[in-house]
Each structure stands twice: as structure tokens, then as C-alpha cells.
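# Working through the structure, step by step
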Amino acid sequence: MKSKPFGALFGLLALVAILGVAPAFGQTANEIDIASGAGGSQNAACVATNNCFTPNPLTVAPGTTVTWKNTDTTTHVVCSGKVTDDQCGSVFEDDALKKGTTFQFTFANAGTFDYFCSVHPWMTGQVIVGAASTTPSTNTTTTTTTTPDNTTAVPEFGPVASIVLAIAVMSMVVFVAKTRGIPKF
Ligand SMILES: [Cu+2]
């Protein structure tokens, strides 16, 4: 009862699972979705609940790459700063985040980072980097050692890898059961 193709399949699946799971480890939830309908008006539903950018605020550890995803149907802008400062993008900016696309920025330093959409200024959000949720310990405007946007873009294989891993483990169990004559279950 030699089943070479099956063994090869198992090996391939295991490899894919390992490759997929490896980068998924050490990665926290760090995606911000732009709510559907957020650009409608300043009376959009998400304005009252303060989650036109979801989740808001987002708290991450220093060194985390945050991904903004536009799940809305219109183009938005991700612009660091506050609307009242009238200063868009001194830390990060994506001036035309089309529908379905993403924008990434790696937060190297701790601090509280406000951002907004300059097209729809009622859309505001905050990224808190570090454990402290109070005022930033350092002056973020003077320490703008901005990391390039696409340096550490880790692909998100999480859910897919889990499924593949499950299949691989099941394949292994069946494979072992077959080769050793242990009754299947
Ligand atoms: Cu917008």
C-alpha cells in the first residue's frame, strides 16, 4: 500500500503551511478599515460613533506596520495630523486611497498619532503607539525619522495558513494511519 502521490501532496501542504504560518506569528491585528459610506457627509453614521476609521483608536507596539484599507466606494485620503492644525501628512500620507486599496505605514516611535481624511474632514482617527495611552512622551514633530512605507510589508497569510495547516495535519494523521495499519477514525 504505497501511496507516493499522497506523500508528496502531504509534504507540499506541510511546506506551504510552514511558510504561511511563519510570518503570521508575531503579527498583531493592525488593519484599519475605512467604513462604507464614511464619505457621505458629516452626518454619516460613523461620525457619531467615531469609527469612520475602524478600529479607532488603534493601539499597536512600536515597529508595527499599520495597514489602512479602503472598504468604501469612494477615494479617501489618509493624512497624519489634526484637521485643526491644517497640516496634512507631516508624518504619513496617502493622498488618493482608491476603493479596495491599502496604504501602509510603519510606526517606529511611540506616541499618539492623529490622522484624518482631507477630502472628508469629519473622518478622524488615532493610532496610539506604545503602552501608554496618555500624552506622547516624546515630541513627535522633532523626531520624524520616517520609515519608508513599504520596507516591512509582511503578507497576511493568517487565515489561509490556518486552513492549510489543518489540512496538512489531517493528511499526516491519515498518512500515518495508512502506513502503520492503525485503524482510521
Ligand atoms: Cu474621505
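Up top is the structure these notes are about.
Notes on the structure follow. (Residues numbered from 1 in each chain as written. Predicted model: local features only at pLDDT ≥ 70, side-chain atom pairs only at ≥ 80, totals over all residues. Heavy atoms only, no water.)

### So, the coordination of the copper ion
Each protein donor to the copper ion is listed here as His76 (ND1), Cys117 (SG) and His120 (ND1); together their distances run 1.9 to 2.1 Å. Residue classification places Cys117 among the buried residues on the basis of a relative accessible area of 0%. (Donors = N, O, S within 2.8 Å, 3.2 Å for Na, K, Ca; no water. Buried < 20%, exposed > 50% of the residue type's maximum accessible area, 1.4 Å probe, protein only.)

### Notes on the state of the cysteines
For the structure shown, the criterion picks out two disulfides. Across the disulfide, Cys46 is cross-linked to Cys52 (sulfur-sulfur distance 2.0 Å). Given an S-S torsion of about 80°, the disulfide between Cys46 and Cys52 has right-handed geometry. Classification of Cys46 by relative accessible area gives buried; the value is 8%. Linked covalently through their sulfurs, Cys79 and Cys88 form a disulfide whose S-S length is 1.8 Å. You can call Cys79 buried: its relative accessible area is 0%. (Disulfide = S-S within 2.5 Å.)

### Examining the nonpolar core
The biggest cluster of nonpolar side chains holds 28 residues, and the ones touching the most others in it are Phe53, Trp68, Val78, Phe92 and Phe107. For Phe92, the contacting residues outside a window of four places in its chain are Trp68, Val78, Cys79, Ser80, Phe103, Phe105, Phe107, Phe113 and Tyr115. (Core = buried A, V, L, I, M, F, W, Y, C linked by side-chain atoms within 4.5 Å. Contact = heavy atoms within 4.5 Å.)

### Describing the sheet that holds strand 3 (residues 58–60)
In space, the five strands of this open sheet follow the order 3-9-8-5-6, with mixed pairing throughout. The open sheet has two edge strands with one neighbour each: strand 3 and strand 6 (93–97). The average angle at which neighbouring strand axes cross in this sheet is 20°, direction not considered. Judged from the three bridges that link them, strand 3 and strand 9 (residues 124–129) form a sheet pairing that is parallel. By the bridge assignment, Leu58 is partnered in strand 9 with Val127. (Pairing = 2+ DSSP bridges. Helix = DSSP H or I, 4+ residues; strand = E, 2+ residues; numbered from the N terminus. Axes fitted to C-alpha atoms, helices over the stretch in contact; angles between N-to-C directions.)

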